Amino acid sequence: MSAPDRNQGSAWVPFAYGFRPFFLLAGVYAVVSLVAWLWLWRTGSVPLQPLPPQYWHGHEMLFGFIGAAIAGFLLTAVPSWTGSRGFAGPRLVLLVLLWLAGRLVFFLGGVLPVPLLAIVELAFIPGLALLLAPSLLRSANRNWPMLVVLGAFWAADVVFIYGLASDDPMLSRIALRAALDLVLVLITIIGGRIVPAFTGNALRAAGADVALRSSKLVERLVIGLMLAYGVSDIVAGDNRVTAVVAALAAAVQLWRLSGWQGWRTGSQPIVWVLHVAYAWLPVGLALRAAWLFGGFGWAVHWQHAVMTRASLGHTGRPLQVPASIAAAYALLAASVLVRVFGPQVLPLDYAKVVLLAGVLWSVAFVVYLAVYTPILLRPRVDGKPG
């Protein structure tokens, strides 16, 4: 047995690269926070008085689950973008502890003083930015605006907590909307780079002709429309202006996505899942527009319409997924379908629809964790660092 093989069997390297702890934590928290929310919802508990209980759920999905996923992505992407050394060791451990501390204080939000909750919760994103900024600014990398997005995301968290402290649920609601809109912009920008790139690489590897449609005009237009949607969502709120912008953004997003030819990747789950996931962005925008235009009942849950490739590629493993992960992708898609459309189309009461969607979501991430926890914790199979 070679030395790398022995290391793989005996060593654990959860802090050898930025994606490892945060992709693992995102998967764990996807289950933990969802189960906790179902329990809170069923028991009528109010964890962040005076805010409605669903605000805790919204906050933890955005700043907990998605926050961990964003951190894992950026801590892995920035070294690739800038040619700098990857983030590992004590700095990464400290950042993980800051994220965990934030989740702990929000679980204890009902008994902790708001100033303490704010100090602990608001430390994570500045810590992440401090790690990323030197590489992005030193190399004058074109991706430095990611720091601005992180700053805006952090500001939304500040406003949310201020709404909690000042007994202003509307302000906290606006903060959650703003954070979600920022995530959608981030998905639009990053998705526009990685989805067509991964699709093209996969088609070339399969010996297929690659002629993906792209346009600088469409790229600029779709980002501009998403920014306009975010501004309208916050400033104008639920009115016809927001509906028009959402409809336009949905149409351009769908046109953009069609040019990436996801239907040609049906035999490669690790690629087609990117297209399915991205498709929920135009679907969610279209549902928002439908709800605002006509009050259609089937569109009322539009907000619910809105990590495995790096885990394989950055651990030296083939970019292939087992059948269980393909099944997890399907379960996750089913959970979104049930949550968005179930209240209108399933012969179940609302509480059972929510429970069913939560079970599907949780099982999907349990499968993800069963497969990827060993990959994320063990050394690269090729013996390289990282």
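Just so it is clear, the structure is predicted and the values come from calculations on it, not from any experiment. Numbering of residues starts from 1 in every chain and runs along the sequence as written. At least 70 in pLDDT is required for a residue's local features to be given in this predicted model, at least 80 for side-chain atom pairs to be given and counted, and no such filter applies to totals for whole chains, interfaces and linings, which use all residues. Neither water nor hydrogens contribute to the side-chain values; these are computed over all heavy atoms in the structure.

Before going further, it helps to examine the overall build of the chain. Along the backbone of the chain there are 14 helices and zero strands. Note on conventions: DSSP H or I runs of at least 4 residues are helices, E runs of at least 2 residues are strands, and numbering of each starts at the N terminus. Reading the secondary structure of the chain in the N-to-C direction produces α-α-α-α-α-α-α-α-α-α-α-α-α-α. Of all 386 residues assigned to the chain, the portion counted as buried reaches 48%. Under the convention used here, a 1.4 Å probe and the Shrake-Rupley method define accessible areas, while residue burial counts only the protein chains that appear. Of the roughly 17300 Å² that the chain leaves accessible, carbon and sulfur atoms contribute 69%. Only protein chains enter the area calculation, which uses a 1.4 Å probe; residues under 20% of their type maximum are buried, those over 50% are exposed, and those in between are partly exposed.

Moving on: helix α5 (residues 114-121). Turning to α5, its buried residues are Leu117, Ala118 and Glu121. Mapping the buried residues of α5 onto a view down its axis gives an arc of 100 degrees, with all of them on the same face. Projecting away from the buried face of α5 at angles above 90 degrees are the exposed residues Pro115 and Ile119. The directions considered for the arc are those from the helix axis to the C-beta atoms.

This paragraph deals with the packing of helix α8 (residues 169-205) against helix α9 (residues 216-235). Fitted lines through C-alpha atoms give the axes, limited to the stretch in contact for helices. The angle between two N-to-C directions lies from 0 to 180 degrees. Close contact between α8 and α9 brings their axes to 9 Å; oriented N to C, the two are set at 175 degrees. The angle between the axes of α8 and α9 places the two elements in the roughly antiparallel class. Together, Ile174, Arg177, Ala178, Asp181, Leu184, Val185, Thr188 and Ile189 of α8 and Val222, Ile223, Met226, Leu227, Tyr229, Gly230, Asp233 and Ile234 of α9 make up the contact between the two elements. Gly is placed with the polar residues, together with every amino acid not listed as nonpolar (Ala, Val, Leu, Ile, Met, Phe, Trp, Tyr, Cys and Pro) or charged (Asp, Glu, Lys and Arg). Per-class residue counts for the contact of α8 with α9 are eleven nonpolar, two polar and three charged. Should an angle fall under 35 degrees it is called roughly parallel, over 145 degrees roughly antiparallel, and 65 to 115 degrees roughly perpendicular, with every other angle called oblique. The contact rule is simple, with two residues in contact once any of their heavy atoms fall within 4.5 Å.

Looking now at empty space enclosed by the protein. The computed volume of the largest cavity comes to approximately 100 Å³. Cavities and pockets are defined on a 1 Å grid built over the protein atoms alone: a cavity is a set of grid points where a 1.4 Å probe fits but cannot escape, while a pocket is an open set with protein on both sides within 12 Å along at least five of seven lines, and lining residues are those with an atom within 4 Å of any such point. Along the walls of the largest cavity sit 15 residues, with Phe63, Gly67, Phe124, Ile125 and Phe153 positioned nearest its centre. At the level of secondary structure, the elements contributing two or more residues to the lining of the largest cavity comprise α3 (53-82), α4 (90-107), α6 (124-138) and α7 (145-165). Lining the second largest cavity, in full, are Ile70, Leu74, Met146, Val149, Leu150, Phe153, Ala179, Leu182, Val183 and Leu186. Grid points are joined across faces, edges and corners, and a volume is the space filled by probe spheres set on the points.

This part is about the confidence of the model for the chain. Here the chain shows a mean pLDDT of 87. Residues at 70 or above account for 90%. Predicted confidence for residues 307-318 stays below pLDDT 50, and this span has 49 contacts to residues more than four positions away or in other chains. Confidence scores here are pLDDT values: one per residue, from the predictor, ranging 0 to 100.

Between α3 and α8, the shortest axis-to-axis distance is 11 Å and the interhelical angle comes to 30 degrees. Relative to α8, the element α3 is oriented roughly parallel. Judged by the sense of rotation from one axis to the other, the crossing of α3 with α8 is left-handed. Residues Tyr55, Gly58, His59, Leu62, Phe63, Ile66, Ile70, Phe73 and Trp81 of α3 lie in contact with α8, whose contacting residues are Pro169, Ser172, Arg173, Leu176, Ala179, Leu180, Val183, Leu186, Ile190 and Arg193. Here is the rule for handedness: rotate from the far helix to the near one, and if that takes an anticlockwise turn smaller than a right angle the crossing is left-handed, while a clockwise turn gives right-handed.

Bringing the side chain of Ser172 into the picture now. Structurally, Ser172 is set in helix α8. Once residues lying within four places of it in the same chain are set aside, the contact partners of Ser172 are Leu51, Tyr55, Phe160, Gly163 and Leu164.

With that settled, the discussion passes to the pattern of salt bridges. Side-chain pairing between opposite charges can occur once the charged atoms of the two side chains come close. Salt bridges are counted wherever a side-chain nitrogen of Lys or Arg sits within 4 Å of a carboxyl oxygen of Asp or Glu. All told, the structure shown has eight salt bridges when counted by the stated rule. Residues Arg173 and Asp238 are paired through a salt bridge, measuring 3.8 Å at the closest nitrogen-oxygen approach. Taken together, the positions of Arg173 in helix α8 and Asp238 in the loop between α9 and α10 (240-258) put the pair 65 residues apart, joining distant regions of the chain. For Arg256, the salt bridge is made with Glu219, and the minimal N-O distance between the two is 2.6 Å. In this pair, Arg256 is assigned in helix α10 and Glu219 in helix α9, connecting sequence segments 37 residues apart. The class for Glu219 is partly exposed, based on a relative accessible area of 22%.

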